[in-house]
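Structural overview for review
Each chain, written out:
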Amino acid sequence: RFGWYTKYLKTALTLGIVNGYSDGSFKPTNPVTKAEGLKMLLNTGQARYGYYIPTSTYGQAYYDTPNTPATKWYQDFVWFAQNNDLTDNEQYFYPNVSMTRAEMADMLYRFQKAGLAQ
């Protein structure tokens, strides 16, 4: 019933790195979207390094990240990604597409290169 990741998930929940869906579920075996992966990475940075993600209440960082009530949960994170070059595409983010391991590795590299992992 419990996966190998249970103790890591518990820590991530405690630190506010991850949270569940509005219906109370978590779905740990579902693929991670690019918006979810970015949010986990930046929440980890907040927990580990203490920096904060500025709030953005207007506009959109990428053509495919409109600022709507449904996308509000990731707006600050995509703006931060845009401002810190955490993705290789300046115009599109593809927030609802599942992340590959290569894309996550690239984002981690860019995170470190931007001086955010210090």
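Below or above, wherever it landed, is the structure these notes cover. (Residues numbered from 1 in each chain as written. Predicted model: local features only at pLDDT ≥ 70, side-chain atom pairs only at ≥ 80, totals over all residues. Heavy atoms only, no water.)

Quick notes on the packing of aromatic side chains
- A complete count under the given rule lists 8 aromatic pairs for this structure.
- Taking the centre distance of 5.4 Å and the plane angle of 35° together, the rings of Tyr 62 and Phe 93 count as tilted. Taken as a pair, Tyr 62 in the loop between α2 (34–49) and α3 (72–83) and Phe 93 in the loop between α3 and α4 (101–113) lie far apart in primary sequence, 31 residues in all.
- Here the aromatic rings of Tyr 92 and Tyr 94 are separated by 6.0 Å at their centres, their planes lie at 25°, and the arrangement is stacked.
- Exposure remark for Tyr 92: the relative accessible area of 34% places this residue in the partly exposed category.
- What makes Tyr 94 partly exposed here is its relative accessible area of 43%.
- Counting every residue linked through ring pairs, the aromatic cluster contains Trp 4, Tyr 5 and Tyr 8.
- The ring of Tyr 21 carries the charged tip of Lys 27 above its face, separated from the ring centre by 4.5 Å.
- Above the ring of Phe 93, the side-chain terminus of Lys 34 is found at 4.8 Å from the ring centroid. (Phe/Tyr/Trp six-rings, centres within 6.5 Å; stacked < 30°, edge-to-face > 60°. Helix = DSSP H or I, 4+ residues; strand = E, 2+ residues; numbered from the N terminus. Buried < 20%, exposed > 50% of the residue type's maximum accessible area, 1.4 Å probe, protein only. Lys NZ or Arg CZ within 6 Å of the ring centre and 35° of its normal.)

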